[in-house]
Amino acid sequence: MKPNPITTPSFEIRGAVGLPLPSLRFDRVDSGRLISMARRLYLQHFEHGPCGGEPLGIVLNLQSAQGRVVFEPPVLLPEEQFVALDYIRGASTRPRHSRSPARR
């Protein structure tokens, strides 16, 4: 009998599936530098031709200043930060709450 090449995993990492997206910790990083690095990687990704669909964001290694475009919720190492697409694209794509000026 031949072994089946597609099998279920021999173990499961509890909590690794279906995790919410990690939040950006502005208290631990220089947010301007972080978003600038993420934006640069995001633009480089599209210069080489978009593939795969809409990314969720960028994972950056703060020690090496390297990163990667991610299409699924990432599991982060301690030195990594996830920057969601909303921060990378800027304020023009985030929903704005319209406030009418107060009248006296």
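Above this note sits the structure.
None of the values given here were measured: they were computed from a predicted structure.

Novice: An account of helix H1 (residues 31-47) is requested, with residue identities and associated values reported.
Specialist: When the terminal C-alpha atoms of H1 are compared, their 24 Å separation across 17 residues agrees well with the 24 Å that a helix rising 1.5 Å per residue should span. Inspection of H1 places Leu34, Ile35, Met37, Ala38, Leu41, Tyr42 and His45 among the buried residues, and these make up the whole buried set. Taken around the axis of H1, the buried residues stretch over an arc of 160°, which confines them to a single face. For H1, the elements touching its buried residues are strand E1 (57-61), strand E2 (66-70), strand E3 (80-84) and helix H2 (85-89). Directly beyond the C-terminal end of H1, a positive phi value near 95° is found at Gly49.

Novice: Could you give an account of the environment of Ser36, with specific residues and numbers?
Specialist: Mapped onto the elements of the fold, Ser36 is located in helix H1. A C-alpha to C-alpha distance of 7.8 Å links Ser36 and Ile88, two positions 52 residues apart in sequence.

Novice: Tell me what's going on with the pairing of E2, and back it up with residues and numbers.
Specialist: By the bridge criterion, five bridges tie E1 to E2 in an arrangement that is antiparallel. Among the inter-strand pairings, Val59 is bridged to a residue of E2, identified as Arg68. Hairpin geometry of E1 and E2 is characterised by an intervening segment of four residues between the two adjacent antiparallel strands and by a positive phi of about 60° at Ala65.

Novice: Quick one: what's the story with the packing of aromatic side chains, residue by residue and with numbers?
Specialist: Per the stated rule, a full pass over the model turns up one aromatic pair. With 5.0 Å between their ring centres and 80° between their planes, Tyr42 and Phe46 make a pair best called edge-to-face. Here Tyr42 and its partner Phe46 are both found in helix H1, four residues apart, which amounts to about one turn of the helix. Take Phe46: its relative accessible area is 32%, and that puts it in the partly exposed class.

Novice: Help me get a handle on the sheet that holds E1, residues and values and all.
Specialist: Strands sit in the order E2-E1-E3 across an open sheet of three strands; the sheet is antiparallel. Only two strands of the sheet have a single neighbouring strand rather than two, namely E2 and E3. Here the average twist between neighbouring strands, direction ignored, is 20°. In the packing of H1 onto the sheet, the strands contacted are E1, E2 and E3, and the crossing angle to E1 comes to about 120°.

Novice: Please provide a residue-by-residue account of the environment of Asn61, values included.
Specialist: Its place among the elements puts Asn61 in strand E1. Spatially, the C-alpha atoms of Asn61 and Glu80 are 4.4 Å apart, while their sequence positions differ by 19 residues. In this view, Asn61 contacts Gln66, Glu79 and Glu80; residues no more than four positions away in its chain are not counted. From its side chain, Asn61 meets the backbone nitrogen of Gln63 in a polar contact 2.9 Å long.

Rules of the game
Residues numbered from 1 in each chain as written. Predicted model: local features only at pLDDT ≥ 70, side-chain atom pairs only at ≥ 80, totals over all residues. Heavy atoms only, no water. Helix = DSSP H or I, 4+ residues; strand = E, 2+ residues; numbered from the N terminus. Expected span 1.5 Å × (residues − 1). Buried < 20%, exposed > 50% of the residue type's maximum accessible area, 1.4 Å probe, protein only. Arc of directions from axis to C-beta. Contact = heavy atoms within 4.5 Å. Pairing = 2+ DSSP bridges. Phe/Tyr/Trp six-rings, centres within 6.5 Å; stacked < 30°, edge-to-face > 60°. Axes fitted to C-alpha atoms, helices over the stretch in contact; angles between N-to-C directions. Polar contact = N/O pair within 3.5 Å; in protein donor to acceptor, adjacent residues only side chain to side chain.

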